[in-house]
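# An overview of the molecular structure
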Amino acid sequence: MKPVFVLLVSTAWTFTGAQDYYQGLMDYLENRLLAIEDRMQLWHEQSHRYHTELLDFKKLTVETMDGLRNQHSVMFKDLEGAAVRVDRVEREVDYVEIQTSPRACANKADKVVEQGAWRLKESRGQEEEEEDEEDEDWEELHSRVSDCVEIISGIRSVKILKRVGSPKGMWTRDPRSSKVYVFNGTSGDNLFQFNSVRDFSRSPGVTSSRHIRLPSDWRGPGSTVYDGYLYYIQQEENADVQVVKFDLLTGSVTDAAMFPVESHATVYNLNPETVADLAADDEGLWLLYATSDSEPNIHLAKMDRASLDIEHIWDTRCPRENAEAAFVVCGTVYVVYNTRLASRSRIQCLFDVNDMVSSEEAPLIYFPRRYGAHASLKYNPEEQQLYAWDDGYQIIYRLTMKTKLLV
Ligand SMILES: *[C@@H]1O[C@H](CO)[C@@H](O)[C@H](O)[C@H]1NC(C)=O
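Now for a description of the structure that goes with this document. (Residues numbered from 1 in each chain as written. Predicted model: local features only at pLDDT ≥ 70, side-chain atom pairs only at ≥ 80, totals over all residues. Heavy atoms only, no water.)

## Quick notes on the environment of Met170
To be explicit about the condition: Helix and strand labels come from DSSP, where a helix needs a run of H or I of at least four residues and a strand needs a run of E of at least two; each type is numbered from the N terminus. Here a residue-residue contact requires only that any non-hydrogen atoms of the pair lie within 4.5 Å.
For Met170, the position within the fold is in strand E3 (residues 169–173). Spatially, the C-alpha atoms of Met170 and Tyr387 are 8.0 Å apart, while their sequence positions differ by 217 residues. Those residues in contact with Met170 that sit more than four places away from it in its chain are Tyr181, Val182, Phe183, Pro221, Gly222, Ser223, Ser376, Lys378 and Trp389.

## A few points about the sheet that holds strand E21 (residues 393–403)
Here is the rule: Being paired, for any two strands, means DSSP has found at least two bridges between them. To obtain each axis, a line is fitted to C-alpha atoms, and for helices this fit is confined to the stretch in contact; angles are then taken between N-to-C directions over 0 to 180 degrees.
If you trace the four strands from one edge of the open sheet to the other, you get E2-E21-E20-E19, paired in antiparallel fashion. Each edge of the open sheet is held by one strand with a lone partner, namely strand E2 (150–163) and strand E19 (374–380). Strand-to-strand twist of the sheet, defined as the mean angle between neighbouring strand axes without regard to direction, takes the value 20°. The sheet contact formed by E2 and E21 spans 11 bridges and is antiparallel. Bridge assignment links Arg163 to a residue of E21, and that residue is Tyr393.

## Some details on the environment of Tyr379
Inclusion rule: In this scheme, a residue with accessible area under 20% of its type's maximum is buried, one over 50% is exposed, and one in between is partly exposed, where area comes from a 1.4 Å probe on protein chains only.
Tracing the backbone shows Tyr379 in strand E19. Judged by relative accessible area, Tyr379 falls into the buried class, the value being 13%. The spacing of Tyr379 and Arg173 is 206 residues in sequence and 8.8 Å in space, taken between C-alpha atoms. Apart from the residues within four sequence positions on either side, Tyr379 is in contact with Phe327, Val328, Val329, Gln384, Gln385, Leu386, Leu399 and Met401.

## Brief notes about a nonpolar patch on the surface
To keep it simple, the criterion reads: Note that patches include only residues with greater than 30% relative accessible area and no salt bridge, and the join distances are 9 Å for like charges and 5 Å for nonpolar side chains (Val, Leu, Ile, Met, Phe, Trp, Tyr). To be clear on the numbers: accessible area is Shrake-Rupley with a 1.4 Å probe, and residue cover counts the displayed protein chains and nothing else. Salt bridge, as used here, is a side-chain nitrogen of Lys or Arg placed within 4 Å of a carboxyl oxygen of Asp or Glu.
A cluster of nonpolar side chains, contributed by Tyr21, Tyr22, Leu25, Met26, Tyr28 and Leu29, occupies part of the molecular surface with about 680 Å² of accessible area. Tracing the chain through its elements places Tyr22 in helix H1 (residues 2–100). The exposure class of Tyr22 is exposed, given its relative accessible area of 52%.

## Concerning the sheet that holds strand E11 (residues 277–281)
Spatial ordering of the open sheet is given by E11-E12-E13-E14, a layout of four strands whose pairing is antiparallel. The open sheet terminates on both sides in strands that have one partner only, identified here as E11 and strand E14 (310–319). Shown here is a sheet whose adjacent strand axes are inclined to one another by a mean of 20°, direction ignored.

## As for the site of the ligand
To keep it simple, the criterion reads: What makes a residue near a molecule or strand is one non-hydrogen atom of that residue sitting within 4 Å of it. We call two N or O atoms a polar contact when they sit within 3.5 Å, provided that within protein one can donate a hydrogen and the other can accept it, with sequence-adjacent residues counted only if both atoms are side-chain atoms. Residue type decides the class: Asp, Glu, Lys and Arg count as charged, Ala, Val, Leu, Ile, Met, Phe, Trp, Tyr, Cys and Pro as nonpolar, and the leftover types, Gly among them, as polar.
Residues in close proximity to the ligand include Ser166, Asn184, Phe192 and Val206, which together make up its full environment. Ser166 places a side-chain nitrogen or oxygen 3.0 Å from an oxygen atom of the ligand. Contact between the ligand and Asn184: an oxygen atom at 2.3 Å from a side-chain N or O atom of the residue. Contact with the protein chains removes 40% of the 360 Å² of surface that the ligand exposes when unbound. Its residues placed into classes, the shell around the ligand shows two nonpolar, two polar and no charged.

Spelled out as structure tokens, the structure:
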């Protein structure tokens, strides 16, 4: 019996020992699981919190975005309003300028200014005319040019053809042919000839042109071409201005005449490179110039195209100050003004050698808004259009005309 008891006891002991051991393990595991559960609960709570926070943040962002968007559209509306106001102010300034401008008027022709030294007719061996013959001379001119009775009434259209060359330059068409001439820059001894405006606009750069070299430099964008002849301004350093007539067909100088003006006076205050400005039409060769730096007005001389004799001289009473360019239509000079910070060019002074344009019909014409400022404006009487050079762009302005009121 004794061994059985011992075995029982030992088994019981062993059994209770194992049970204790497993119980301990279970307790341990349970604790661990509880701890993990706790932690999971914590994570869950945390992730829930994060999620909520994220949602809140998202809501906030959306609200902020909406706010910004609203502010943006408010600002945009404000800007639009400001642009409209600026436009209105600009128009008002234009209007005020029109109302107050002392130059939006036509100037009556002065009697011919007679200056013996400038009568280059002597070079042709003619006698100085008598004082009393002057009126006849005047009448003759008057009747001769009065069959041209058109003045500009507006700018019909603009065509931007091309951009070639420097910001400053000039281009023009011979009114007697279709040929186009391009003068790049503000001086040089060369120019480019194209067969037509179309050839010029189709040409890559100036490659399809005839390159013409002159025996001397042209100075300033003031040249003109008429009936196969080029008339250009030549001025050596500190020397007198000369008008040179060049035969484009034969490539030779046919004539030249001195023009004794002060060497540093230039005709348009806003384009100081334009020493003097030539224009040729049926009536002859017109020269716009400044007599000296201290003389505030633009002067006009009419020359004989064939001989380069000076026939008449006028003070146009159009100021050089803020003048950008000018051109001659039917014996009337149109001076174009601008501001130093280029804004809108406008024809604001005109001068009729025939005294036929009255102040009431003198138009104040604005050019369309452009890139920069006109370096030159060349009028073609055949097509009634202007060849303009604006910041390297070649532009054509087509004009509308009306008949002068005959008085
Ligand atoms: C025009 O002249 C400028 C310099 O004044 C020069 O750089 C340019 O190459 C010239 N363009 C042409 C087409 O000759």
